[in-house]
Amino acid sequence: HRDLHLSLRRQRQMCIRDRPPGEVYDSGVEERFARAFRSLGTDWVLRREPEPLVVDGSVMIPDFSFEKNGLKVYLEIVGFWTKEYLERKLEKLKGLREVDMIVAVERELACSRFKGVGGKVIYYKGEVPVKPILEYLNLVEERRIAEEESLLREKTLRLEGDIIRIPDLAKEMGVSEKALYRSLKEKDLSRYRLIGDLLISHGKLERIKSMIEALEEPVLQEALKIIKGEGGENPYQILEALGYRVKWKGLDTSTALIYKSREE
């Protein structure tokens, strides 16, 4: 009994330690779900009790929201109920037709009553499962990316400059980076080469290449300095794209040499 008591106390201490400052939960189910989701390290930001939603003149505050690149999906966990509570909850949920909502419902509830609820309904027993929620979030993101790709197909891509950062271009065009990457496969990039998150003109690549070839010694540190000086933010990727490999002598870049991959 003493060991069990100590184990439970440690678990409670871990829950408190992992909880973001100021975040309070209504139940252990909510808290365990939050910790499990955040432990995945996804790009989705999980927020506890986001802004209120207005439903037919009344207010509803969802348990959580998931946010990413302008997308927002809400989560409501229905895990305990009285008849009156359930009726009010169902009435509000059915009124949220324009909101992307996930409703996690304890299996022991009257499941058939949730068929008219808008959004994604997930049933659980004991713990809210993370996998189907993440799958739905990925589906929402893919749907948005497909819409953005469709819009990008109709746009003429005007590229200026020798080095263009994909994150900056995506922000300028008001689309996600994923959609832009996919769209670039269908665009005319005859003047550029995509290396990592950069579009680099062939003229700039030739300049970098000639400057590296002019080095007295093929020292990695000097090659990296040239690339960075020319605006290359990911020098190792650019080196590889130019056909170079690194021969390390320890971990010091000042002693490492570069060589063309065909010249070992």
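Residues numbered from 1 in each chain as written. Predicted model: local features only at pLDDT ≥ 70, side-chain atom pairs only at ≥ 80, totals over all residues. Heavy atoms only, no water.

The secondary structure content of the chain amounts to nine helices and twelve strands. For the chain, buried positions account for 39% of its 264 residues. Sequence-distant contacts, at least 24 apart, represent 49% of the contacts inside the chain between residues at least 6 apart. Of the roughly 16,000 Å² of accessible surface on the chain, a fraction of 49% belongs to carbon and sulfur atoms. (Helix = DSSP H or I, 4+ residues; strand = E, 2+ residues; numbered from the N terminus. Buried < 20%, exposed > 50% of the residue type's maximum accessible area, 1.4 Å probe, protein only. Contact = heavy atoms within 4.5 Å. Areas by Shrake-Rupley, 256 points an atom, 1.4 Å probe, with all protein chains shown as cover.)

A few words now on the environment of I61. Inspection of the secondary structure assignment puts I61 in the loop between strand 3 (58-60) and strand 4 (64-68). I61 gets classed as partly exposed once you look at its relative accessible area, which sits at 43%. Residues I61 and P50 lie eleven residues apart in sequence; the distance between their C-alpha atoms is 6.8 Å. Apart from residues no more than four positions distant in its own chain, I61 is found in contact with E49, P50, P52 and E76.

So, about the confidence of the model for the chain. Within the chain, residue pLDDT values average 84, and 86% of them lie at 70 or more. Across residues 1-18 the pLDDT falls below 50, and counting only partners more than four positions away or on other chains, this stretch makes four contacts in the model. (pLDDT = per-residue confidence, 0-100.)

Before going further, it helps to spend a moment on the side chain of D63. Structurally, the position occupied by D63 is in the loop between strand 3 and strand 4. Excluding residues that lie within four positions of it along the chain, D63 makes contacts with E30, R47, R48, E49, P50, L75, E76 and I77.

Reading across from one edge, 1-4-5-6-7 is the order of the five strands in this open sheet, with mixed pairing throughout. Strands with a single pairing partner mark the edges of an open sheet, and in this sheet they are strand 1 (45-48) and strand 7 (120-124). In this sheet, neighbouring strand axes are inclined to one another by 25 degrees on average, regardless of whether the strands run parallel or antiparallel. Strands strand 4, strand 5 (71-78), strand 6 (101-106) and strand 7 of the sheet are contacted by helix 4 (residues 130-153), whose axis makes an angle of about 155 degrees with strand 5. (Pairing = 2+ DSSP bridges. Axes fitted to C-alpha atoms, helices over the stretch in contact; angles between N-to-C directions.)

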